[in-house]
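A look at the structure
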Amino acid sequence: MVHVRGGYVYIMSNPRRTVLYIGVTNSLLNRVNDHKNGIGCSFTNKYNCTDLIYFECFGFIEEAIKREKQLKNWHRPWKIELIRQKNPDMVDLSDTIEEYR
């Protein structure tokens with residue numbers, strides 16, 4: 001996987017899609033693996049947020065952080081609409097990250 005020098009903003013969810021977690025990272029594949037293995041985030045571990053359902057790439061980590069803050073302030077319906085634009089069935093994208101870049 002080619003790494004973007006900057007970063008990613010991403011959304012994880014539980015299998016029933018009732019919980020959304022928005023995060024930022026400089027290594028999406030590693031961070032998603034951490035979430036799947038219950039490492040590093042008590043919230044995603046507690047609510048079983050193991051599925052990557054959305055992500056965006058940025059050239060600079062500061063841009064990813066700014067976007068993360070913006071998305072965290074959005075209402076849930078807006079977040080769902082954003083996710084469905086890129087991932088209509090809200091499937092786990094973790095095995096197909098390259099296809100969606």
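Read on for a plain summary of the structure.

Conventions and cut-offs
- Residues numbered from 1 in each chain as written.
- Predicted model: local features only at pLDDT ≥ 70, side-chain atom pairs only at ≥ 80, totals over all residues.
- Heavy atoms only, no water.
- Helix = DSSP H or I, 4+ residues; strand = E, 2+ residues; numbered from the N terminus.
- Buried < 20%, exposed > 50% of the residue type's maximum accessible area, 1.4 Å probe, protein only.
- Pairing = 2+ DSSP bridges.
- Axes fitted to C-alpha atoms, helices over the stretch in contact; angles between N-to-C directions.
- Contact = heavy atoms within 4.5 Å.
- Disulfide = S-S within 2.5 Å.

Bringing unusual backbone geometry into the picture now. At Asn-48, a residue that is not glycine, the phi angle is positive and equals roughly 55°. If you trace the backbone, Asn-48 turns up in the loop between helix H2 (42-46) and strand S3 (51-58). Positive phi, close to 50°, is recorded for Met-90, a residue that is not glycine. With respect to the secondary-structure elements, Met-90 resides in the segment after helix H4 (76-86). Classification of Met-90 by relative accessible area gives buried; the value is 5%.

What follows is about the pairing of S3. Every regular strand shows the same layout, with side chains that alternate between the two sheet faces. With 7 of its 8 residues buried, S3 lies for the most part within the structure. Relative to S3, strand S1 (residues 7-13) is paired through 7 bridges, and the arrangement is antiparallel. Residue pairing across strands places Ile-11 opposite Tyr-54, the latter belonging to S3.

The antiparallel open sheet is built from 3 strands, whose spatial order is S2-S1-S3. The open sheet has two edge strands, strand S2 (20-25) and S3, and neither has a second partner. Strand-to-strand twist of the sheet, defined as the mean angle between neighbouring strand axes without regard to direction, takes the value 20°. Against the sheet, helix H3 (residues 61-72) engages S1, S2 and S3, with an angle of about 165° to S2. With respect to the sheet, H4 is in contact with S1, S2 and S3, its orientation differing from that of S3 by roughly 80°.

Following the criterion strictly, the structure yields 0 disulfides and no others. We note that Cys-41 lacks a disulfide partner, and the nearest cysteine sulfur, in Cys-49, lies 8.0 Å from it. Relative accessible area serves as the criterion here: at 11%, Cys-41 is assigned to the buried category.

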